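Structure assessment
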Amino acid sequence: MDTTDPFKPNYPAPTAMRPLLGLTVLVIEDSRYACEAMRLLCLRSGARIRRADTLRAARRHLQVYRPSVAIIDLGLPDGSGADLIAELAQASPRPEVILGTSGDDNGEAAAMEAGADGFLAKPVTALALFQDRILANLPDDRRPTGPRAVTQDVVNPDPIAYRDDMAHVADVLDSDGDTRTLDYIAQFLGGVARSAEDNDLILAADALAAKCARGDAAASEAAVVAGLVQQRLAEKIAI
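From a predicted model like this one, the values you see are computed outputs, not experimental measurements.

All right, on to the packing of aromatic side chains then. Here the structure, examined in full by the defined rule, presents two aromatic pairs. Arranged with centres 5.3 Å apart and planes meeting at 70 degrees, the rings of Tyr33 and Tyr162 form a pair that is edge-to-face. On the criterion of sequence distance, the pair formed by Tyr33 in helix H1 (residues 32-45) and Tyr162 in helix H6 (residues 159-175) is long-range, its members being 129 residues apart.

Packing of H1 against H6 leaves a shortest axis separation of 7 Å and a crossing angle of 150 degrees. Put simply, H1 runs roughly antiparallel to H6. Across the interface between the two elements, Arg32, Tyr33 and Glu36 of H1 pack against Ala161, Tyr162, Asp164 and Asp165 of H6. Its residues assigned to classes, the contact of H1 with H6 comprises three nonpolar, no polar and four charged.

The subject of this paragraph is the pairing of strand S3 (residues 69-73). Most of S3 is tucked away: five of the five residues are buried. Every second residue of S3 is oriented toward a common face, with Val69, Ile71 and Asp73 on one face and Ala70 and Ile72 on the other, all of them buried. When strand S1 (residues 24-28) meets S3, the two strands line up parallel, connected through four bridges. Its bridge partner lying in S3, Leu26 is registered against Ala70.

Its 17 residues give helix H9 (residues 219-235) an end-to-end C-alpha distance of 24 Å, which sits within 8% of 24 Å, the value for a rise of 1.5 Å per residue. All of the buried residues in H9 are Glu221, Ala222, Val225, Leu228, Val229, Arg232 and Leu233. End-on view of H9: buried residues confined to an arc of 140 degrees, all on one side of the axis. Facing away from the buried surface of H9 by more than 90 degrees, the exposed residues are Ala219 and Ala234. Here the buried face of H9 lies against H6, helix H7 (179-196) and helix H8 (199-214).

Attention now moves to the pairing of strand S7 (residues 118-121). Bridge count between strand S6 (residues 97-102) and S7: four bridges; the pairing is parallel. Residue pairing in the sheet places Ser102 in a bridge with Ala121 of S7. The handedness of the S6 to S7 crossover, carried by helix H4 (residues 107-114), is right-handed.

Reading across from one edge, S2-S1-S3-S6-S7 is the order of the five strands in this open sheet, with parallel pairing throughout. Sheet topology places strand S2 (48-52) and S7 at the edges, where each strand pairs with a single neighbour. Each strand axis lies, on average, 20 degrees off the axis of its neighbour in the sheet, ignoring direction. Bridge count between S1 and S2: five bridges; the pairing is parallel. By the bridge assignment, Leu26 is partnered in S2 with Arg50. Helix H3 (residues 81-89) rests against S1, S3 and S6 of the sheet, and its axis sits at about 155 degrees to S3. Seen against the sheet, helix H5 (residues 127-135) touches S3, S6 and S7 and runs at an angle of roughly 165 degrees to S7.

To continue, consider the packing of H6 against H9. Two elements in contact, H6 and H9, have axes separated by 9 Å at closest approach and are oriented at 135 degrees. Between H6 and H9, the crossing angle belongs to the class labelled oblique. Considering the relative orientation of H6 and H9, their crossing is left-handed. Facing H6, whose interface residues are Arg163, Met166, Ala167, Val169, Ala170 and Leu173, H9 presents Ala226, Val229, Gln230, Arg232 and Leu233. A per-class count over the contact of H6 with H9 returns eight nonpolar, one polar and two charged.

The rules we used
Residues numbered from 1 in each chain as written. Predicted model: local features only at pLDDT ≥ 70, side-chain atom pairs only at ≥ 80, totals over all residues. Heavy atoms only, no water. Phe/Tyr/Trp six-rings, centres within 6.5 Å; stacked < 30°, edge-to-face > 60°. Helix = DSSP H or I, 4+ residues; strand = E, 2+ residues; numbered from the N terminus. Axes fitted to C-alpha atoms, helices over the stretch in contact; angles between N-to-C directions. Parallel < 35°, antiparallel > 145°, perpendicular 65-115°, else oblique. Contact = heavy atoms within 4.5 Å. Nonpolar A, V, L, I, M, F, W, Y, C, P; charged D, E, K, R; others polar. Buried < 20%, exposed > 50% of the residue type's maximum accessible area, 1.4 Å probe, protein only. Pairing = 2+ DSSP bridges. Expected span 1.5 Å × (residues − 1). Arc of directions from axis to C-beta. Right-handed = clockwise from strand over helix to strand, strands pointing away. Left-handed = near helix turned anticlockwise from the far one by under 90°.

Here's what the structure looks like:
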């Protein structure tokens, strides 16, 4: 994949230090903070990265090229990432590896049922775990030969990206507060807050998600979320 001659691939050989060398990873993720973590993980691993923040943008990418690896967030602003996983699982040519990702406890089951090869639970910051999930689903000739050191390294995304996510939530809350929008915000914030280990926001997002799941009015929970988001924006820092 990602070669000018699909019948005669000429991939750079992966190495122990850069085991994903030669791969192109398409990350479909609407969180700037989570996407920045993926960028750092790909950089450390030797992989190239392309990014899309909606299903629509991802499908535009896929009309032009086929990535080696697709990492798809299940909760996207214009639909479920599980739908795209199902499409790519049946595509020809198919990405060599399709991974779902989510901060939702039920995310792994949904991703695997849709046809994913594996799953990355948010937060995705551990280098070894990221590499292992991809390498485990690659053919032998696409993996580095010889021993590979197991690293405990984690990546630390730029806090500005977290603030960008807070600004995104504030804009969405200002524009619409219907049930579908609140459900999206709860899912989005749950994943972002877990990635950033923002415990207060995790609790608020979970409370909002629980109300949305039951179909109950969630004005008070939405107000708590909005207040916490505004605090983070006012502080001029991410966490």
